[in-house]
Amino acid sequence: MTDRPRVYVTRTLPGGDGPGTPLGRLREATDLEVWAGEGPVPAAELRARAAGCDGLLPMLTERIDLPFLAGCPHLRAIANMAVGYDNIDIGACTARGVLVTNTPGVLTDATADLAFTLLLAAARRITEGERAVRDGTWGPWDPNWLLGKPVAGATLGIVGPGRIGAAVARRGGGFDMRVLYHGRHAVADFPGERAASLEALLAQSDYVSMHVPLTPETALMCDAAFFARMRPHAIFVNTTRGGVVDQPALLAALRGGVIGGAALDVTTPEPLPPSDPLLTAPNIVISPHLGSATLETRTQMAHLAVDGLLAALAGQRPAHLVNPEAIDTVIEARR
Ligand code: DGY
C-alpha cells in the first residue's frame, strides 16, 4: 500500500522515462501506470485502469464523459496533453470537482508552422507535383502546368485570433500578406486588421485559416453557406479540429469550384479512411494531425501536462486550469 496518488497515463510520453523526463517526474511523485500498447488505450481498458486513480493524463484520443467519470470515484485531476479539450466533458468534471488542465503556449509555433506549410503546399500544388514526380507523369517543363496561386500580396483571413491564429498571422506578414482576423472581441496587438464580420473576412480573403476551438458553437460552422461566402479561388486551411467543418459541404464546394482548394491537418474521423470521398476532391492537401508534432514541442507538452497533474494532486491551483469553477466544487464538498 502507498499513500502516493495513483496516476494513469494513456500513452508512453515523448522524452523517455529517465530522471527529469515527463514520465520520470511522474514516477518519482506518484504510483504510476502507463499504457504501453500500440495506439490509443482501448476504452474498456482505460475504464478498468482509471477506476482507482486520483489522476489521469490522457491524449485527445480518449473520450472522458459522464459515464467514464462515474466509474472513477477517486479522480481529482485530468491533465490533457493537448491545448484542445473537446474530448473531455468539462461540465461533468466541474460538477464532480475534477480539475482539468491543458497545454497551451508550447505548441503555438509548431502548429502555426504546420498551418503555414499547408497553406503554401495548397497554394503551390506541392502534393499534386510530388505525385507526378513519383508516378512518372512529370513531363518536360511546361509554361501552363500546375500553376498555383500567389501568396505575397494576397489576403489571409484568420478565424479565431488566439495564440496560434496570431502566430499564423505573423507568418503571413512575413510573406507580405495582408492579414484580417475575425473573433468575438478585438485583440490588442494582433498582427492584422479586424474584419467587420466573418462574412466580410470570407468575402475578402484569398486564404482562410481556422483557429477556433471545437465547442457546441463552432461545431460544423464551416458549412455550405460559409464556403459560398469565400472567394472562388480561395484556399481553406484547417489545423484546429475536424469537427468545425461540415465535410460533405467542403467536398461539394471543392468539386463545384465554389472554393479553390483546401488544406487540412484535422478531419472527421481521424484517421480518415483511405476510402473517404474527401480524398477524391480536387486541390486538397491533407496531413495526419501533425500540428504539434516535433519532439521538442511534444516533450514540452508532456512536461506541462505533468506540471498540471502534480500541482492539482498536491492541492495547488495549476497554471493552465481549464475549469477554475471546479475548485469551488471541491471547497463546497469539504464543508
Ligand atoms: C492540440 O494540442 O489540441 C493539438 O490538436 C494536438 O497537439
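Residues numbered from 1 in each chain as written. Predicted model: local features only at pLDDT ≥ 70, side-chain atom pairs only at ≥ 80, totals over all residues. Heavy atoms only, no water.

Structural notes on the sheet that holds strand S6 (residues 155-159)
Read across the open sheet, the 7 strands follow the order S8-S7-S6-S9-S10-S11-S12; overall the sheet is parallel. Two strands lie at the open edges of the sheet, namely strand S8 (193-194) and strand S12 (284-286), each paired on one side alone. Bridging between strand S11 (residues 261-264) and S12 involves 3 bridges; their strand directions are parallel. By the bridge assignment, Leu 264 is partnered in S12 with Ile 286. Along the sheet, helix H5 (residues 108-123) makes contact with S6, strand S9 (207-210), strand S10 (235-238), S11 and S12, crossing S10 at roughly 155 degrees. (Pairing = 2+ DSSP bridges. Helix = DSSP H or I, 4+ residues; strand = E, 2+ residues; numbered from the N terminus. Contact = heavy atoms within 4.5 Å. Axes fitted to C-alpha atoms, helices over the stretch in contact; angles between N-to-C directions.)

Here we look at the packing of helix H1 (residues 22-29) against helix H11 (residues 295-313)
For the pair H1 and H11, the least separation of the axes is 9 Å and the interaxial angle reads 20 degrees. Here H11 runs roughly parallel to H1, going by the angle between their axes. Here the hand of the crossing between H1 and H11 comes out left-handed. Here Pro 22, Arg 25, Leu 26 and Ala 29 of H1 come into contact with H11, specifically with Thr 299, Ala 302, His 303, Val 306, Asp 307, Leu 309 and Leu 310. Taken together, the residues of the contact of H1 with H11 break down into 7 nonpolar, 2 polar and 2 charged. (Parallel < 35°, antiparallel > 145°, perpendicular 65-115°, else oblique. Left-handed = near helix turned anticlockwise from the far one by under 90°. Nonpolar A, V, L, I, M, F, W, Y, C, P; charged D, E, K, R; others polar.)

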